[in-house]
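Okay, here's what each chain looks like letter by letter:
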Amino acid sequence: MSVLGICGSPRENGSTARLVHEALAGAAGEGAATEYLHLETLNIRPCTGCMGCRETARCVVDDGMTAYYAAIERNRPPLGLVIGTPIYFDHISAQLKAWLDRHYCYSYTAKGERMFPPGYRAALVITYDWDNPSAYDSALEWLAQRLEFYHAIQVIAKIALPNATACAPDCQPDILRQAREAGRLLARG
Ligand SMILES: Cc1cc2nc3c(=O)[nH]c(=O)nc-3n(C[C@H](O)[C@H](O)[C@H](O)COP(=O)(O)O)c2cc1C
């Protein structure tokens, strides 16, 4: 696995999944191996705040995140993540927030070391129904900053799909192109 797609929409065949797959297709076209994780199907529980990870830098909860932790840690050299979410009430989905919170084990150990595997880059995708193309730039920016600041993940693309229900990705070819190009960029390293 070299480029990992993470879909934070509960809908398996929605707009977010379509764009994440499009980015992965771009990466595969450049010869990268790809893997796709649908967070809802993995049934990732929210962080319980148990602080078990403060001692070991490992999350002590064994659920769908275990497969994700293993995937990013065996990815050498790391190429990238494609992270997608629908906008729910002006922000990322609960599924993606649970995934993000479960990175607490990578934030800092008791010694203050940064623990997320180094060298990752990411492309971000949001989808929503409002027809304003910049309506949720703040949500994209918020997510990018969390990844960059806490985990040193370099965000190389921020893609927004407005008007998603009325005009799903297939009738917005420019957005599809952006997703495919982001996948290509991730694969080129
Ligand atoms: C609970 C819920 C909250 C939503 N909130 C917003 C919102 O605040 N702004 C917006 O433009 N669309 C909102 N939407 C619409 C979705 O963001 C949009 O349909 C999205 O593209 C769905 O992605 P999917 O097809 O990948 O599931 C909401 C949808 C749901 C179900």
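Remember, it's a predicted structure, so these values are computed and weren't measured experimentally.

Engineer: Sorry, what's going on with the side chain of Ser93 here?
Structural biologist: As for its placement among the helices and strands, Ser93 is situated in the loop between strand 3 (80–86) and helix 5 (94–101). Given the relative accessible area of 0%, Ser93 is considered buried. The contacts of Ser93, once residues within four sequence positions are left out, are Gly8, Thr85, Pro86 and Tyr88.

Engineer: Just to check I follow, could you spell out the site of the ligand for this structure?
Structural biologist: With respect to spatial proximity, 17 residues lie near the ligand, and among them Ser9, Arg11, Thr16, Ile87 and Thr127 are the closest. Arg11 is positioned such that a nitrogen or oxygen atom in its side chain is 2.7 Å from an oxygen atom of the ligand. One nitrogen or oxygen atom from the main chain of Ser15 is found 2.9 Å from an oxygen atom belonging to the ligand. Here the residues of the shell around the ligand sort into 8 nonpolar, 6 polar and 3 charged.

Engineer: Mind showing me how you'd approach the packing of aromatic side chains here?
Structural biologist: Two aromatic rings are characterised by how far apart their centres lie and by the angle between their planes. As enumerated under the stated definition, the model contains 8 aromatic pairs in all. On the basis of an interplanar angle of 80° and a centroid distance of 5.7 Å, the ring pair of Tyr69 and Tyr106 is categorised as edge-to-face. Taken as a pair, Tyr69 in helix 4 (residues 65–73) and Tyr106 in the loop between helix 5 and strand 4 (121–127) lie far apart in primary sequence, 37 residues in all. Side by side, Tyr69 and Tyr106 carry an identical accessibility label, which is buried. Judged by centre distance (5.3 Å) and plane angle (85°), the rings of Tyr106 and Phe116 are edge-to-face. Pair noted here: Tyr106 is in the loop between helix 5 and strand 4 and Phe116 is in the loop between helix 5 and strand 4, with a separation of 10 residues, a long-range link.

Engineer: Help me understand the nonpolar core, please; the structure alone is not making it clear to me.
Structural biologist: A general feature of soluble globular proteins is that nonpolar side chains tend to end up buried together. In terms of nonpolar packing, the biggest core is built from 36 residues, with Ile6, Tyr68, Leu81, Ile83, Trp99, Leu124 and Leu147 touching the most fellow members. Those elements that place two or more of their residues in this core are strand 1 (3–7), helix 4, strand 3, helix 5, strand 4, helix 6 (137–151) and strand 5 (154–161). Once residues lying within four places of it in the same chain are set aside, the contact partners of Leu124 are Ile83, Leu140, Leu143, Ala144, Leu147, Val155, Ala157, Lys158 and Ile159. Listed in part, the 21 residues of the second largest apolar core include Leu79, Ala157, Ile159 and Ile175.

Engineer: How should empty space enclosed by the protein be read in this particular structure?
Structural biologist: In this approach a probe as big as a water molecule rolls over the atoms, and the regions it shows empty are the leftover space. By the definition in use, this model includes 1 cavity of 30 Å³ or more. Of the volumes computed, that of the largest cavity is approximately 120 Å³. In terms of lining, the largest cavity is formed by 15 residues, of which the most central are Cys47, Cys50, Cys53, Cys59 and Tyr104. Taken together, the residues of the lining of the largest cavity sort by class into 10 nonpolar, 3 polar and 2 charged.

The rules behind these values
- Residues numbered from 1 in each chain as written.
- Predicted model: local features only at pLDDT ≥ 70, side-chain atom pairs only at ≥ 80, totals over all residues.
- Heavy atoms only, no water.
- Helix = DSSP H or I, 4+ residues; strand = E, 2+ residues; numbered from the N terminus.
- Buried < 20%, exposed > 50% of the residue type's maximum accessible area, 1.4 Å probe, protein only.
- Contact = heavy atoms within 4.5 Å.
- Near = heavy atom within 4 Å.
- Polar contact = N/O pair within 3.5 Å; in protein donor to acceptor, adjacent residues only side chain to side chain.
- Nonpolar A, V, L, I, M, F, W, Y, C, P; charged D, E, K, R; others polar.
- Phe/Tyr/Trp six-rings, centres within 6.5 Å; stacked < 30°, edge-to-face > 60°.
- Core = buried A, V, L, I, M, F, W, Y, C linked by side-chain atoms within 4.5 Å.
- 1 Å grid on protein atoms, 1.4 Å probe; cavity = no way out; pocket = protein on both sides within 12 Å on 5 of 7 lines; lining within 4 Å.
- Points joined across faces, edges and corners; volume = space filled by probe spheres on them.

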